Structure formats: structure tokens, C-alpha cells
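Examining the three-dimensional arrangement
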Amino acid sequence: MDKIEKDLLEQVADLHEVPQGAYNIRANGQMAGRNTTENIDIVTKTDKPGIDIIIKPGTKRESVHIPVLLSQSGLQEMVYNDFFVGEGADITIVAGCGIHNGGDEESRHDGIHAFYLAPGARLRYVEKHYGSGDGNGRRVMNPTTIIELGEGAYMEMETTQIKGVTSTIRDTRATLAAGATLIVREKIMTHGQQLAETNFTVDLNGEDASTHLVSRSVAKDESRQVFRSVINGNARCTAHSECDAIIMDEASVSAIPEVTANHLDASLIHEAAIGKIAGEQLTKLMTLGLTEKEAEEQIVSGFLK
Amino acid sequence: MLELKNISYQVDAEGQQRDILHDVSLTIDERFVAITGPNGGGKSTLAKVIAGIITPTAGQILLDGEDITGCSITERAQKGISFAFQQPVRFKGLTVRDLITLAAGRDITVSEACAYLSEVGLCAREYIGREINASLSGGELKRIEIAMIIARGTKLSIFDEPEAGIDLWSFNNLIQVFEKMHEKLGGSILIISHQERILNIADRVIVVADGQIRAQGNREDVLPELLADGATCSVLTDKL
Ligand SMILES: Nc1ncnc2c1ncn2[C@@H]1O[C@H](COP(=O)(O)OP(=O)(O)OP(=O)(O)O)[C@@H](O)[C@H]1O
Ligand SMILES: [Mg+2]
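Residues numbered from 1 in each chain as written. Chains lettered and ligands numbered in written order. Predicted model: local features only at pLDDT ≥ 70, side-chain atom pairs only at ≥ 80, totals over all residues. Heavy atoms only, no water.

Scanning the entire structure with this criterion turns up 26 salt bridges over all chains. K45 of chain A is the partner of D82 of chain A in a salt bridge, and the nearest nitrogen-oxygen pair spans 2.6 Å. Taken together, the residues span a long stretch of sequence, with D82 of chain A in strand β6 (residues 76-85) and K45 of chain A in the loop between β3 (40-44) and β4 (50-55) at a distance of 37 residues. Here D82 of chain A and K45 of chain A have matching classes, each one buried. As a salt-bridge pair, E30 of chain B and R204 of chain B come within 2.6 Å of each other at their nearest N and O atoms. One end of the pair, E30 of chain B, is in the loop between β2 (16-28) and β3 (32-36); the other, R204 of chain B, is in strand β9 (residues 204-209), with 174 residues separating them in the sequence. The class of R204 of chain B is buried, set by a relative accessible area of 14%. (Salt bridge = Lys/Arg side-chain N within 4 Å of Asp/Glu carboxyl O. Helix = DSSP H or I, 4+ residues; strand = E, 2+ residues; numbered from the N terminus. Buried < 20%, exposed > 50% of the residue type's maximum accessible area, 1.4 Å probe, protein only.)

A few words now on the site of ligand 1. Residue and element names in this part refer to chain B. Among the 14 residues in the neighbourhood of ligand 1, the closest are listed as G40, G42, K43, S44 and T45. R18 places a side-chain nitrogen or oxygen 3.2 Å from an oxygen atom of ligand 1. Between H194 and ligand 1, the recorded distance is 3.3 Å, taken from a side-chain N or O atom to an oxygen atom. Out of a free accessible area of 640 Å², ligand 1 has 64% covered by protein chains. Breaking the shell around ligand 1 down by element, the ones donating at least two residues are β2 and α1 (43-51). Per-element tally for the shell around ligand 1: the top contributor is α1, with 3 residues. Its residues assigned to classes, the shell around ligand 1 comprises 3 nonpolar, 8 polar and 3 charged. (Near = heavy atom within 4 Å. Polar contact = N/O pair within 3.5 Å; in protein donor to acceptor, adjacent residues only side chain to side chain. Areas by Shrake-Rupley, 256 points an atom, 1.4 Å probe, with all protein chains shown as cover. Nonpolar A, V, L, I, M, F, W, Y, C, P; charged D, E, K, R; others polar.)

Turning to the coordination of the magnesium ion (ligand 2), a few remarks are in order. Distances from the magnesium ion (ligand 2) to its protein donors, S44 of chain B (OG) and Q86 of chain B (OE1), fall at 2.0 to 2.2 Å. Of this pair, S44 of chain B sits in helix α1 while Q86 of chain B sits in the loop between β6 (81-84) and α3 (96-104), and the two are 42 residues apart along the sequence. (Donors = N, O, S within 2.8 Å, 3.2 Å for Na, K, Ca; no water.)

Here the focus is a negative patch on the surface. Residue and element names in this part refer to chain A. Together, D221, E222, D249 and E250 make up a negatively charged patch on the protein surface. Take D249: it is sitting in the loop between β18 (237-247) and β19 (252-261). Using a relative accessible area of 55% as the deciding quantity, one classes D249 as exposed. (Patch = residues over 30% accessible without salt bridge, like charges linked within 9 Å, V, L, I, M, F, W, Y side chains within 5 Å. Lys, Arg positive; Asp, Glu negative; His and termini not counted. Charge placed at Lys NZ, Arg CZ, Asp CG, Glu CD.)

Residues and elements named next belong to chain A. Of note, the phi angle at N28 is positive, near 45 degrees, even though the residue is not glycine. The residue N28 is located in the loop between β1 (22-27) and β2 (30-35) in this model. The phi dihedral of D221 is positive, around 50 degrees, even though this residue is not glycine. Tracing the sequence through the fold places D221 in the loop between β16 (209-219) and β17 (224-233). Classification of D221 by relative accessible area gives partly exposed; the value is 34%.

The next point concerns the interface of chain B and chain A. When the parts come together, some accessible area is lost, and that loss is often what is quoted as the size of the interface. Facing 24 residues of chain B, the contacting portion of chain A comprises 19 residues. When the buried area of chain B at its contact with chain A is split by residue, F91, K92 and L102 of chain B rank highest and sum to 31% of it. Across the chain B-chain A interface, the total number found is 4 salt bridges. Residue D244 of chain A is joined to K92 of chain B by a salt bridge in which the shortest nitrogen-to-oxygen separation is 2.4 Å. (Contact = heavy atoms within 4.5 Å. Buried area = accessible area lost by both parts, 1.4 Å probe.)

Residues and elements named next belong to chain B. Turning to helix α4 (residues 110-119), its buried residues are A113, C114, Y116 and L117. In a view along the axis of α4, the buried residues occupy a sector of 160 degrees, so they form one face of it. Looking at the buried positions of α4, the neighbouring elements they touch are α3, α5 (124-127) and α6 (138-152). Positive phi shows up at G121, right after α4, with a value of about 75 degrees. (Arc of directions from axis to C-beta.)

Turning our attention to the side chain of D110 of chain A. All names here are of chain A. Of note, D110 is situated in strand β8 (residues 107-117). When its relative accessible area of 10% is taken as the criterion, D110 is described as buried. Of the polar contacts made by the side chain of D110, one reaches the side chain of N142; its length is 3.3 Å.

Here the focus is the packing of helix α2 (residues 279-287) of chain A against helix α3 (residues 292-303) of chain A. All names here are of chain A. The N-to-C vectors of α2 and α3 enclose an angle of 115 degrees; their axes lie 9 Å apart at closest approach. By crossing handedness, the relation of α2 to α3 is classed as right-handed. Residue-level inspection shows Q281, L282, L285 and M286 of α2 in contact with α3, the latter providing E292, A295, E296, Q298 and I299. (Axes fitted to C-alpha atoms, helices over the stretch in contact; angles between N-to-C directions. Left-handed = near helix turned anticlockwise from the far one by under 90°.)

Let's shift gears to the confidence of the model for chain A. Per-residue confidence for chain A gives a mean pLDDT of 94, with 99% of residues at or over 70. Looking across chain A, the model is least confident in helix α1 (residues 3-13) of chain A, with a mean pLDDT of 83, and most confident in strand β11 (residues 144-149) of chain A, with 98. (pLDDT = per-residue confidence, 0-100.)

The element α2 of chain A is largely enclosed, with a buried count of 7 among its 9 residues. Along α2 of chain A, the residues classified as buried are Q281, L282, T283, K284, L285, M286 and T287 of chain A. The inward-facing, buried residues of α2 of chain A contact α3 of chain A together with α2 (73-79), β6, α3 and α6 of chain B. At the exit of α2 of chain A stands G289 of chain A, carrying a positive phi of roughly 105 degrees.

Bringing the nonpolar core into the picture now. Side chains of a nonpolar character, in soluble globular proteins, are inclined to be buried together. With 89 residues, the main nonpolar core has L285 of chain A together with I100, L117 and F159 of chain B as its most contacted residues. No other element matches the 8 residues that α6 of chain B contributes to this core. Among residues more than four places away in sequence, those in contact with I100 of chain B are I108, A113, Y116, L117, A147, M148 and A151 of chain B. Counting 41 residues, the second largest nonpolar core, distinct from the first, contains I66, L117, V184 and L268 of chain A. (Core = buried A, V, L, I, M, F, W, Y, C linked by side-chain atoms within 4.5 Å.)

Written out as C-alpha cells, the structure is:
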């Protein structure tokens, strides 16, 4: 692995070396490393690019890392990864995509991740997207996440894109059976001319299913962000979606919620707050001796922490 | 030593010029100076003028003889002015520890940050990691605001109604906080307050009403002036 790939790996997976436990590293369209464990199997798909990750029922305290690195300018790929999390398992999956584009052609990774959680399974899924390189080539990532939560399953998804992605359309579609819980925390920062579009669709199909979507974002320069959430309450259930955005410079942010209750006992809430950094916040930090620029940086980094 | 010379602040309110502050001159070099007076009298505006948040339309501000009238908020903070707001600001994402660290202006250990919080009666371990967001109560926010000023430790500290929203038990400690601060730092503490017990500890009480200094001196001298003010409402009587 070269220096650029190592940097990307560190950014998207906080990894300095090959990780502990199960992993599959994909670099420039090729498998660059794989490890399986007694409980976690990783199998290359035969019909299309991608892998199946199979986690045995009852697997506890194990993790799977599946970073994707692109450093070859102009490479474009579409990858399918399916995760089968067995009954009663409790694990962490760390995915991430780093694109370094030093050339002038568009580099693109479109990943379709499907998660199938058996009843009572618990999953923490962490996903980071990062781009670097000073070429003119665009760095594009379009992740699609499909989530099917069985009865009483629990999934927490943390998705972060802080830097360097020219354009992203992030689609997440989830269906929840009775007693299942989905928590999503999204953090996005865009700058320059970047575009980030997020679409969540959550169907709460079973009794006492619940979801909480939290999006915090900062849009700088002339970047644009769109946050769409569609939540359908089809049973007695609870849902809460929050979109909280700071706009700066000439950026623009739209929040488009759609909540539909198809059941008398569905309780659905959407909150959206978009605005510039409050003047009094800057003032307060300046009275502590920070310059306006430093104050702004502190507020933004705290907001996205 | 802080000197204000002929400070005025005029605003354009619905096409009419209004003096929020009118020709205010004063010098502060004692330990504790209290500013009091009726609501809307101009106390907070005066504090903001000193901190650089409001630019006066006329007049001059000197800190230890140096003219700081043209200095920004940041420059004044760096020169040694601290200001605890009447209404503390909330921040999504920044924690109590973040703010105390920023106030201290250097990396501080958890136990240092905790020490500042204990001074204002907050059980540090519980608070250190909390976000300065809507989940904190008004009184908690006020105390954190005071802890930040302690952490800064500058030669001039301004507190705008520090006792507001703070329960009686803590109130006694608050006075000790000011005394301790002075012992450690010297300098001056300027407290805007409506509380008689705070006026009692002041070396000088200044009464600001209608944007002007109405009276100053020790508490006994100015109290009658204060009571006379409370009895009438000039806006209403003007209209009648
Ligand atoms: N930008 C402004 N435009 C118009 N009026 C203003 C402006 N800023 C302050 N004022 C007015 O100036 C007056 C003084 O306000 P200030 O906040 O200084 O009062 P205060 O003495 O601190 O009162 P309190 O005891 O209620 O805190 C008030 O009548 C207020 O409404
Ligand atoms: Mg006031």
C-alpha cells in the first residue's frame, strides 16, 4: 500500500495498519486484503462486483472493516455489498470510501450496501467519506444503503462526510419490523461548488418500531445541500427526524420532510433548523479572545463533532 | 484602570434619534464597582460598549491609559477585558469543557476545568462533558458563564446581573467568588446588579438611568436616589 492509500485508509477508517478482526480492503477496484474469522465470513460475489458479509447468529463484540480506496484518477465503479447479521449478534461494521484524485478525470464510487438484520441483532455501522487530491477531476460517491430490520433488531448508523467530495447523492431506505429501532446520525460539510443530497425513506411497519434521524450539516462557499426524509408510520410507532444546518457564504440548504401516518398511533415528528451562525455565538467567543475566524472554526467543528 | 469619556450611543428608532447612552463619563479602578438602576436604563449597553460589542457614536474609552475606542472585541479581550453576559449564549455541539478551555486560552487538564466549575458550585464531573445547549437550565448557564470569567482571569471583569436566576444558597458563594477573584488577580470587577447584597459589597455604586449617570457614591448615598426612581414611570408621566 502506498502513501496516498495509507492516508485515505487513515481518514476513512482511522486505521494505520491492517485492522483487527474481519476485514476486506478494496483498492482501485481490486481486493487488497481480506481476513475472516470463525464467526464472520466474507465471500466475493460471482454475479457482480462486491462481497457478501455473513455474521453468524450470536456473534458478539466483533468488528468488520471494509474500506474502499480509489487513488487512480478516472476510475469508476459500482459495488454491491450485502451484510447478513445473524440473530442475536452484536457487532460493529466500519465502512468508508476515500478518493484521491490527482488527475482531471472523474473518479467515482457507487456503493450499494444492504443490511439484513435478523431478529434481535444489533449493529453499529460507521461510514466515512473523504476526498483529496488537487487535480480538476471530480470525486463522486453515491452510497445507497438498504436496511431491513427484523423484529427487535437495533441499528445505529453514523455517516460522515467532512471533506473533499465533489458530489454525493446518498440514498438510505429502511424497513422496520415490530420493536425494531433505527438511529441515524449524519454529519456533512460541503465547500466550494460541492453538492450533497441526502434521501432517507423509512417505513415503520411493525408495532413499536422507532427511528431517530439526526442530520447536522455545514454548507460553505457556493455549495448546495438537500436533505429529504420520507417517513411512513404504518403501525403504532415513533419517529423523529431532525435536520440542523449552518449555512455560510453563498451556500444553500433545503430540508424537505415528508411524514405520513397511516396508523392512528403513529407519532411522527420532523424538525428542521437552517441558518447562519448566530451572531451572539461569534460575539461570545470573541469576548474570550478568539478572532472572528477562530470563533467560526470552533463553532463549526463543535457543531459537527 | 478603565476610563470612559463622554460616551454616547444614539440609535435610529423608527425615524427618531434616541440616546441610549448620553454623555457618560466614569473611571473605574476600585476593587468592586456596582452599576444599578431601572430596567432599560442602559446598563447592559454600557457594558457592551466597554467590551467592544457596541461602538459608541461619541466618546472615548481608555484602558490603563491606552485608547481602546477603536479596538475590536477580540483585541479588548486580549488586552484584559472579560464580560459575562446577562443572557448567556447557547452553543450546539460545544461542551462546557470546550468553552472553559477556550476561556482559559490554553490547553487545560480536566481537573483544572473542574476546579473552575466547582468554584461556581457545579459538580464538575457531571457538567464537564455537557453541551452548552437547551438542555442546561438558566441558572446552570449563568454559573458556567461566571466560571469562564474566572478561567480567563483578566484585570477587568464585567458581570451583567450575575445573580439573576441563581438560587439563594449559591448567592452567598457568588460574593465569595468575587472576593477570591480579586485576591488572586487584583484589578477591578464591575458588577451590574439589582441585588442589595451585591451593592453592599461594592466600593462604589453607580446609578444609571435614562442612559445617564444619575448618582454615584457609597450605597447609603445613592439608595434614596434609587427609590425615588422606582416610584414613578417617566414614560407614562410624559404621556399623561
Ligand atoms: N439597538 C437598539 N435599538 C433601539 N433600542 C435599543 C437598542 N439597544 C438597546 N435599546 C434600548 O436601550 C435601552 C437600554 O437597554 P439596556 O439593555 O442597556 O438596559 P439595562 O439597563 O441593561 O436594563 P435591564 O435592567 O432590564 O437589563 C432599552 O430601552 C432598550 O430597549
Ligand atoms: Mg441589562
